[in-house]
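Now for the letters of each chain:
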Amino acid sequence: MALDIITTVLGLVYILLEYRASIWLWLVGIIMPALDIWLYWSHGLYGDAGMAVYYTVAAIYGFVAWKFFKKHNQKTGEEMPITHMRKKLYLPTLLFFVVAWALTYYILVTFTNSTVPVLDSFTNALSFVGLWALARKYIEQWGFWIIVDAVCCYLYVGKDIPFKAGLYGLYVIIAIAGYFKWKKMMESEERRAKSEEFNS
């Protein structure tokens, strides 16, 4: 129960930092999933436990990406801007999701006693996509997380992890608000860039 509460508090900090598009979300993103590995494994959510390992590594990548990677038209010394996914990424992203879902499902039904392999593998696969989109600061990442969080809330209720279930229910609400927050920030950045271009 204590671990459930601790990771829930860290999860709240994480999503609030994500809402604000703060790079410090990645520091919390390293600590929280490291604790989640033990929590999920002890409750038979083996897919989520494996996903927590990925989250830890992905958080390191996310920090590096936000700090050092650049997007098209990003100026030197400027923070990575929030943008839309390019349309040419839609099909590869969908294909990756389907393959990851099938592969994770196969692993769960073959090597574990998971009682929820379809949904567990679904949230894992979509989380791969969501974390990648977050690391690239694509606004579409919020849509991925809304779906993941809603399904996880349902799963955790069934697995008797009440605090985590409540957290993911709150995540859905914050993710919806986060989308509109990021949209406003993105539009503000675009107006500023156009103004600078016009005045230069």
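In this report, the structure presented in the accompanying data block is examined. (Residues numbered from 1 in each chain as written. Predicted model: local features only at pLDDT ≥ 70, side-chain atom pairs only at ≥ 80, totals over all residues. Heavy atoms only, no water.)

Before going further, it helps to spend a moment on the overall build of the protein. The secondary structure content of the protein amounts to seven helices and zero strands. Counting helices and strands in the order they occur from the N terminus, the protein gives α-α-α-α-α-α-α. On C-alpha atoms alone, the protein measures out to a radius of gyration of 18 Å, which is about the 16 Å that the 2.2 N^0.38 rule sets for 200 residues. Expressed along its principal axes, the backbone C-alpha trace of the protein runs to roughly 60 × 35 × 25 Å. Here the protein holds 200 residues, and the buried ones make up 45% of them. Element-wise, carbon and sulfur atoms account for 71% of the exposed surface of the protein, whose accessible area totals about 10,900 Å². Within the protein, one finds 18 positive and 15 negative side-chain charges whose respective centroids are separated by 8 Å. (Helix = DSSP H or I, 4+ residues; strand = E, 2+ residues; numbered from the N terminus. Rg over C-alpha atoms; globule rule 2.2 N^0.38 Å. Buried < 20%, exposed > 50% of the residue type's maximum accessible area, 1.4 Å probe, protein only. Areas by Shrake-Rupley, 256 points an atom, 1.4 Å probe, with all protein chains shown as cover. Lys, Arg positive; Asp, Glu negative; His and termini not counted. Charge placed at Lys NZ, Arg CZ, Asp CG, Glu CD.)

Moving on, we come to the packing of aromatic side chains. Summed over the entire model, instances satisfying the criterion amount to 17 aromatic pairs. Judged by centre distance (5.7 Å) and plane angle (90 degrees), the ring pair of Trp 26 and Trp 66 falls under edge-to-face. With Trp 26 in helix α2 (residues 25-42) and Trp 66 in helix α3 (residues 46-68), this pair connects stretches of sequence that are 40 residues apart. On the basis of relative accessibility, which here comes to 7%, the residue Trp 66 falls in the buried class. When the ring of Trp 41 is compared with that of Tyr 46, the centres are 4.7 Å apart and the planes differ by 70 degrees; the resulting orientation is edge-to-face. (Phe/Tyr/Trp six-rings, centres within 6.5 Å; stacked < 30°, edge-to-face > 60°.)

The backbone of Ala 21 shows a phi angle near 55 degrees, a positive value even though the residue is not glycine. Structurally, Ala 21 is set in the loop between α1 (2-19) and α2. One non-glycine residue, Lys 137, lies in the positive phi region at around 60 degrees. As for its placement among the helices and strands, Lys 137 is situated in the loop between α5 (117-135) and α6 (141-158). Taking the relative accessible area as the measure of exposure, Lys 137 reaches 4% and is therefore buried.

Summed over the entire model, instances satisfying the criterion amount to one salt bridge. When the shortest N-O distance is used, the salt bridge between Asp 36 and Lys 164 registers 2.9 Å. Of this pair, Asp 36 sits in helix α2 while Lys 164 sits in helix α7 (residues 162-199), and the two are 128 residues apart along the sequence. Residue classification places Asp 36 among the buried positions, given a relative accessible area of 3%. (Salt bridge = Lys/Arg side-chain N within 4 Å of Asp/Glu carboxyl O.)

With that settled, the discussion passes to the side chain of Thr 104. Counting through the fold element by element, Thr 104 comes out in helix α4 (residues 90-111). Here the side chain of Thr 104 touches Ala 100 through a polar contact of 2.7 Å, landing on its backbone oxygen. In contact with Thr 104, not counting residues within four places along its chain, are Ser 121 and Asn 124. (Polar contact = N/O pair within 3.5 Å; in protein donor to acceptor, adjacent residues only side chain to side chain. Contact = heavy atoms within 4.5 Å.)

Attention now goes to a nonpolar patch on the surface. Side chains of Ile 60, Tyr 61, Phe 63, Val 64, Phe 68 and Phe 69 sit close together on the surface and give an oily, nonpolar patch of about 530 Å² of accessible area. Relative to the assigned elements, Phe 68 resides in helix α3. (Patch = residues over 30% accessible without salt bridge, like charges linked within 9 Å, V, L, I, M, F, W, Y side chains within 5 Å.)

Keep in mind that these numbers describe shape and distance, not what the molecule does.
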